[in-house]
Amino acid sequence: MNVYSTKQAPFWPIILAVFFGNFLAILSTSTINVALPVLMSHFETNLSSAQWAVTGFMLATGIIAPIVGYLGDKLSYKKLYVYTLIGFTLFSSLCAAAWNIESLITFRILQGICSGIVMPTTMTIIYQVIEKEKQTFAISLWSVSAMFAPAFGPTLGGLMTEYFGWKSLFLMNLPIGIIAIIIAARFVPYYRLSQVKSFDAVGFVTVIVSSASLLVAFSLGNSWGWLDGKTIFLLLLGLISLSLFIFWELRTSEPLLNLRVFKYTRYTYSVILNCVIGISLYSSTFLIPVFSQSVQHASALHTGLILLPGSLAMILFTLLIGKIYGKVGPMWLSFIGIVLIGIATWKFKSLTPQSSFIYLSLWMGIRYVGTAFSHMPVNNAGMSVIPKEYSGHASSINNWTRQVIGSFSIGIFSAILASRTFVHTKELQHINSKDTMLHEQAMSLGMNDVFFLTTVIVILTIPLTFTLKKKRKRAAETAL
């Protein structure tokens, strides 16, 4: 085992390398969304084809996530991070040079693979390299990049597309990516905490099949139909492959993804809470832009500006929470965060086509503040009980579940919204079939139903925050 002393690792250069890389990778998930109409016009294609520039990227990030722990152990996390940043920057330039929609989708998928490696790798570097007393502050800065990027993405994407064209969405990655590569290569130490002896081929095949099947089913199930043969087949294939993967990984001596980290109950509860935070976050970041553009007929830039004040508030509160975490502890911070998310979600249950910009921006801001209160404390509470040598596997699981929950949430929310909008349209037609705003009213009511369901999910999760109560340090945890 070759361990590089954390006392020799410079704090701020490592944080800058981690922050820029993580922000860049996650930002690319959301900036392109608002540019889809431009891409359709430029490449003379339809929405279903152009959508794959987004869907392909997201699927790639989720499919690669489970094997990041193995890759980090095999290559070292420094090499994995630097190689991935180089790949991400290279594929960004190729996306800008795409000559047709097929080439753009191909380069976006390759870019997505790199993005899916970056997030768990950066989290792992923090828990393996940064001194323990500085990890809370470090992970709060990491959380800023993780949360701010998807919230700021639509605003930046709208501005860049409107004034500089769609290629600028990819070209802006180049200078930031190069800076991140230089800093990471120079300051992130090379170290090894564990050495992989053999490749888990069974685990690799089953996890790739299960991830790909479930993510495609969740992403396309709404457009295909949830009872369509393709959707049902992929769901069954995904669940069977996932069951085989779990069965095998718990029995092999050198697993691809060490699921034994779930023996740490605090970590397990943190994963569950993160799933709920993800469901809540995706419900707003997906539905509010749809509401703004489809119901209120606002522009992409206007929609992005709705999210901007909350994004800025989230940064400030995340940094503040990083400072007070040690005194307050994760339980009360996450409790306050989940409650704020629940209240704001409940307020979105009353949307109408006449809802003001201030109303939307205010409650989105409160949701983001709630996310700031809960995201970092929940993550740190779970990861802090994992031994260093297994932190790569634990962060891979965090990212994997986040991707699956994200695809699942958007797929389910889309299905519920479409179903409830249809029901409300029929109801409103009986009342006043000549109403020119009938579709907008029906969609608003459908969104209210989705937000009501999300509120219930959030409320049911509040008791789990009490499992994060500070505990006295024990001499040692049971070995994995």
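Think of each chain on its own: its residues are numbered from 1, step by step along the sequence as written. Totals for whole chains, interfaces and linings use all residues, but because this is a predicted model, local features are given only for residues with pLDDT of at least 70 and pairs of side-chain atoms are given and counted only at 80 or more. The basis for every side-chain value is the complete set of non-hydrogen atoms in the structure, without hydrogens or water.

Caption draft 1: Summary view of the pattern of salt bridges. For salt bridges, the criterion is a side-chain nitrogen of Lys or Arg within 4 Å of an Asp or Glu carboxyl oxygen. Scanning the model with the defined rule gives two salt bridges in all. The closest approach of N and O atoms between D228 and K230, which form a salt bridge, is 3.3 Å. Of the charged contacts, one joins R420 and D449 as a salt bridge, the two residues approaching to 2.8 Å between their closest N and O atoms. You can see R420 sitting in helix 17 (residues 391–432) and its partner D449 sitting in helix 18 (residues 438–461), a full 29 residues away along the chain. By relative accessible area, R420 is classed as partly exposed at 29%. Think of it in three bands: with a 1.4 Å probe and only protein chains considered, a residue is buried below 20% of the maximum accessible area for its type, exposed above 50%, and partly exposed in between. Judged by its relative accessible area of 25%, D449 is partly exposed. Put simply, DSSP H or I for four residues or longer makes a helix, DSSP E for two residues or longer makes a strand, and each gets a number counted from the N terminus.

Caption draft 2: Just the environment of G238, in detail. Within the secondary structure, G238 sits in helix 12 (residues 229–249). Put simply, G238 and T206 are 32 residues apart on the chain and 8.9 Å apart in space, counted from C-alpha to C-alpha. Residue contacts are counted whenever heavy atoms from the two residues lie within 4.5 Å of one another. For G238, the contacting residues outside a window of four places in its chain are S210, S213 and L214.

Caption draft 3: Quick look at helix 7 (residues 101–129). Any helix carries an expected span of 1.5 Å times its number of residues minus one. In a regular helix each residue adds 1.5 Å, so 29 residues correspond to 42 Å; helix 7 covers 41 Å between its end C-alpha atoms and thus fits that length. A large share of helix 7 lies buried, amounting to 24 of its 29 residues. Polar contact criterion, stated in full: a pair of N or O atoms within 3.5 Å, where within protein one must be able to donate a hydrogen and the other to accept it, and residues adjacent in sequence count only if both atoms are side-chain atoms. Its side-chain oxygen 3.3 Å from the backbone nitrogen of E102, N100 forms the N-cap of helix 7.

Caption draft 4: Local environment of helix 1 (residues 11–30). Along its 20 residues, helix 1 runs 29 Å from first to last C-alpha, staying within 8% of the 28 Å computed at 1.5 Å per residue. Burial analysis of helix 1 places 14 of its 20 residues in the buried class, the great majority of the element.

Caption draft 5: Looking closely at the environment of S93. Positionally, S93 belongs in helix 6 (residues 77–96). Residue S93 is classed as partly exposed on the basis of its relative accessible area, which comes to 25%. Remark: the alpha-carbon pair of S93 and L171, spanning 78 residues in sequence, is separated by 6.1 Å. A polar contact of 2.5 Å, which involves the side chain of S93, links it to the backbone oxygen of L90.

Caption draft 6: Representation of the packing of aromatic side chains within the structure. Stacked, tilted and edge-to-face pairs are distinguished by plane angle, under 30 degrees for stacked and over 60 for edge-to-face with tilted covering the rest, among Phe, Tyr and Trp rings (Trp via its six-membered ring) whose centres lie within 6.5 Å. Per the counting criterion, the structure on display carries 18 aromatic pairs. Their ring planes at 85° and their centres at 6.2 Å tell us that F19 and F20 sit as a pair that is edge-to-face. Three or more aromatic residues joined by ring pairs form one cluster here, namely F11, W12 and F137. Throughout this description, the term charge over a ring refers to an Arg CZ or Lys NZ atom that lies within 6 Å of the ring centre and within 35 degrees of the ring normal. Here the basic side chain of K230 rests over the ring of W224, its NZ or CZ set 5.1 Å away from the ring centre. Its guanidinium or amino end placed over the ring of W346, K349 lies 4.6 Å from that ring's centre, counting from NZ or CZ.

Caption draft 7: Here's a closer look at the confidence of the model for the chain. Values of pLDDT, ranging from 0 to 100, describe the predictor's confidence in every residue of the model. With 91% of its residues at a pLDDT of 70 or more, the chain shows a mean pLDDT of 83. Taken element by element, the predicted model of the chain shows its lowest mean pLDDT in helix 3 (residues 47–50) (70) and its highest in helix 6 (94). Here residues 1–7 is modelled with pLDDT under 50, and outside its nearest four sequence neighbours on either side it reaches 16 contacts, counting other chains as well. Here residues 473–479 is a poorly scored stretch, pLDDT under 50, and it has five contacts once near neighbours within four places are set aside; other chains count.

Caption draft 8: Local environment of the nonpolar core. Core analysis: the biggest nonpolar cluster contains 103 residues, and I125, W142, Y267, I288 and F348 have the highest contact counts within it. Residue contacts for Y267: discarding those within four places in its chain leaves V261, F262, G382, M383, V385, I386, A394, I397 and N398. Among the buried residues, those of types Ala, Val, Leu, Ile, Met, Phe, Trp, Tyr and Cys that are joined through side-chain atoms within 4.5 Å form a nonpolar core. With 17 residues, the next largest nonpolar core counts I32, F43, C95 and A96 among its residues.

Caption draft 9: Structural view of empty space enclosed by the protein. Points on a 1 Å grid, built from protein atoms alone, make a cavity when a 1.4 Å probe fits but cannot get out and make a pocket when they are open with protein on both sides within 12 Å along at least 5 of 7 lines; residues with an atom within 4 Å of a point are the lining residues. Grid points are joined across faces, edges and corners, and a volume is the space filled by probe spheres set on the points. Under the defined criterion, the tally for this structure stands at three cavities of 30 Å³ or more. Taken as a whole, the second largest cavity spans an internal volume of roughly 40 Å³. If you go around the second largest cavity, the residues you meet are I277, S280, L281, I341, R367 and T371. Counting residues per element, the lining of the second largest cavity draws most heavily on helix 13 (residues 265–295), which supplies three residues.

Caption draft 10: Structural detail: the packing of helix 6 against helix 10 (residues 173–187). Between the N-to-C directions of two axes lies an angle of 0 to 180 degrees, each axis being a line fitted to C-alpha atoms and, for a helix, fitted only over the stretch in contact. Packing of helix 6 against helix 10 leaves a shortest axis separation of 9 Å and a crossing angle of 165°. By the angle between their axes, helix 6 is roughly antiparallel relative to helix 10. Taken as a pair, helix 6 and helix 10 cross one another with a handedness that is left-handed. On helix 10, the residues touching K78, Y81, V82, L85, I86, F88, T89, S92 and S93 of helix 6 are N173, L174, G177, I178, A180, I181, A184 and A185. In this count, Pro and Cys sit with the nonpolar residues alongside Ala, Val, Leu, Ile, Met, Phe, Trp and Tyr, while Asp, Glu, Lys and Arg are called charged and the others, Gly among them, polar. Each residue belonging to the contact of helix 6 with helix 10 can be placed in one class, and the counts come to eleven nonpolar, five polar and one charged. Any angle from 65 to 115 degrees is called roughly perpendicular, while one under 35 is roughly parallel, one over 145 is roughly antiparallel, and all others are oblique. With the far helix as reference, a near helix turned anticlockwise by less than a right angle produces a left-handed crossing, and one turned clockwise produces a right-handed crossing.

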